[in-house]
Amino acid sequence: MQTLLESEYLKALLVIVIGSLILLLVNFILKRRIKKLEAKQEQAGKRISHLNFLRFFQRIAVPLAFLGLLTIAIDMVAFNEQIQNIVKIGLSIIMTFIIVRSLNKTMELAFSRYFEHDWANHDREKNLKPLLSLVKFIFWIIGIIFLMANLGIDVTAALAGLGVGGIAVAIAAQGILGDLFSYFVIFFDKPFALGDFIVFGDKAGVIERIGIKSTRIRVLSGELLIMANSDLTSARVHNYKQMLRRRVVFKVGVVYETPADKVEKIPTIIKDIIASVQTIEGVICDRSHFSAFGDFSLNFETVYYVPSSDYAIYMDTQQEIYQKLFRAFKKEGIGFAYPTQLVYTKSGATSSVETEVVPPPQITK
């Protein structure tokens, strides 16, 4: 019994067992404490300063402590050469796993810590998550390469093989790599962000998610459109979320029989109507002019600005202007023009024939 107690194997085993039990107990206590603090933080809506420290200790310090404990226990035992090699391989695998996992957890905690601040740009958080996953994957690749080097494998030959294979994979996956580079273009150039309303080609919708391979857009008809990043970066994209104000151009035509004094008043009437808009404050009339003699009408062109990118507000403003314009023209006895045609006979008499009702005034954005 005394020989067994003095055995270095038993001492190493006791160090591992006792140390592991202590670490498991510490990990259990930390997990319960972290859950309580997370629930408290969610209810209070206020950040708890030492919560991230506890997360760091539970997710990173405890696994590293176990790695140190395992290293101490192995150093206490003198193995023969064959067993020593097996132990070395096992320790290298465990060490690589724990170190890479600790690095990834450190990145996750730093990431969450940064976006917990009020001044952080929370719209970029979802954009960065796919990039964070890619960096974690790269860490695992680097860790495996180092593990192979520690195990005595010729890493140079493996890297050369990976290089040749990488070229073949790159040729076969040109589209995927193109989308990946397009993701970085979107991330750094910021042509649009989450929540932006964009128009590209014949599609329009709101950005819901930007991924490494594709971007998800909720189109106006309700379905989810999944677009490859490379298609978006190569298309002409109109970003209406970034629009500070909307420029609106509309035209209206009146009949040729309108008296000259009333024709002169029309630009003033339109400007006064735009100045009296109540839908939103700050609507500005840029100009209103008698622009052309049309085939069957005297044409007026007006330009005004709506200080909002919201399409519903723009439509409400336009509706208010049209309603007031209709009432004002009716009050002044000014008639809206509609397509007509004059037919001349040989006797010199003329007749007027109505062909169709004029459509609503055209609006261009």
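The text that follows walks through the structure, step by step, so that each part is easy to find. (Residues numbered from 1 in each chain as written. Predicted model: local features only at pLDDT ≥ 70, side-chain atom pairs only at ≥ 80, totals over all residues. Heavy atoms only, no water.)

Topic: the overall build of the protein chain
Turning to step 1, where the next piece is worked out: Helices and strands together make up the secondary structure of the protein chain, namely 10 helices and 11 strands.
Turning to step 2, where the next piece is worked out: Relative to its 365 residues, the protein chain shows a buried fraction of 32%.
Turning to step 3, where the next piece is worked out: A separation of at least 24 residues holds for 62% of the contacts in the protein chain among residues at least 6 apart in sequence.
Turning to step 4, where the next piece is worked out: Taken as a whole, the protein chain presents about 23400 Å² of accessible surface, with 62% of it coming from carbon and sulfur. (Helix = DSSP H or I, 4+ residues; strand = E, 2+ residues; numbered from the N terminus. Buried < 20%, exposed > 50% of the residue type's maximum accessible area, 1.4 Å probe, protein only. Contact = heavy atoms within 4.5 Å. Areas by Shrake-Rupley, 256 points an atom, 1.4 Å probe, with all protein chains shown as cover.)

Let's talk about the side chain of E320
Turning to step 1, where the next piece is worked out: Looking at where E320 falls in the secondary structure, it is placed in helix α10 (residues 311–332).
Turning to step 2, where the next piece is worked out: Each residue touching E320, except ones within four places of it in the same chain, is listed here: S276, V277, Q278 and T279.

So, the sheet that holds strand β5 (residues 237–239)
Turning to step 1, where the next piece is worked out: With antiparallel pairing, the 5 strands of this open sheet are ordered in space as β4-β3-β2-β1-β5. A strand with exactly one partner marks an edge of an open sheet, and here the two such strands are β4 (224–228) and β5. Here the average twist between neighbouring strands, direction ignored, is 40°. (Pairing = 2+ DSSP bridges. Axes fitted to C-alpha atoms, helices over the stretch in contact; angles between N-to-C directions.)

Quick word on a positive patch on the surface
Turning to step 1, where the next piece is worked out: Side chains of R32, R33, K36 and K40 sit close together on the surface and give a patch of like positive charge.
Turning to step 2, where the next piece is worked out: With respect to the element layout, R33 can be found in helix α2 (residues 8–44).
Turning to step 3, where the next piece is worked out: You can call R33 partly exposed: its relative accessible area is 43%. (Patch = residues over 30% accessible without salt bridge, like charges linked within 9 Å, V, L, I, M, F, W, Y side chains within 5 Å. Salt bridge = Lys/Arg side-chain N within 4 Å of Asp/Glu carboxyl O. Lys, Arg positive; Asp, Glu negative; His and termini not counted. Charge placed at Lys NZ, Arg CZ, Asp CG, Glu CD.)

A look at the packing of helix α9 (residues 260–275) against α10
Turning to step 1, where the next piece is worked out: Their axes nearest at 10 Å, the elements α9 and α10 cross at an angle of 145°. Considering only the axes of α9 and α10, their crossing is right-handed. Contacts from K262, K265, I266, I269, I270, I273 and I274 in α9 reach I321, K324, L325, A328, F329 and E332 in α10.
Turning to step 2, where the next piece is worked out: When the residues that make up the contact of α9 with α10 are grouped by side-chain class, the tally is 9 nonpolar, no polar and 4 charged. (Left-handed = near helix turned anticlockwise from the far one by under 90°. Nonpolar A, V, L, I, M, F, W, Y, C, P; charged D, E, K, R; others polar.)

Examining the pattern of salt bridges
Turning to step 1, where the next piece is worked out: If you walk through the whole model with that rule in mind, you get 7 salt bridges.
Turning to step 2, where the next piece is worked out: When the shortest N-O distance is used, the salt bridge between K265 and E332 registers 3.1 Å. Taken as a pair, K265 in helix α9 and E332 in helix α10 lie far apart in primary sequence, 67 residues in all.
Turning to step 3, where the next piece is worked out: K324 is paired through a salt bridge with E320; the nearest N and O atoms lie 3.0 Å apart.

Topic: the side chain of S214
Turning to step 1, where the next piece is worked out: Tracing the backbone through its elements, the reader meets S214 in strand β3 (residues 214–219).
Turning to step 2, where the next piece is worked out: Apart from residues no more than four positions distant in its own chain, S214 is found in contact with R209, I226, M227, A228 and N229.

Structural notes on α9
Every α-helix winds through 3.6 residues per turn, so residues three or four apart in the chain are directed the same way.
Turning to step 1, where the next piece is worked out: Taking 1.5 Å of rise per residue, 16 residues should cover 22 Å, and α9 covers 24 Å from first to last C-alpha, within 8% of that figure.
Turning to step 2, where the next piece is worked out: Along α9, the helix axis deviates most sharply at I266, where the bend reaches about 35°; the proline P267 sits within four residues downstream.
Turning to step 3, where the next piece is worked out: The complete set of buried residues in α9 reads V263, I266, P267, I269, I270, I273 and I274.
Turning to step 4, where the next piece is worked out: Of the surrounding elements, those touching the buried residues of α9 are β6 (246–254), β7 (284–293), β8 (298–306) and α10. (Expected span 1.5 Å × (residues − 1). Bend = angle between axes of the 7 residues up to and from the residue.)

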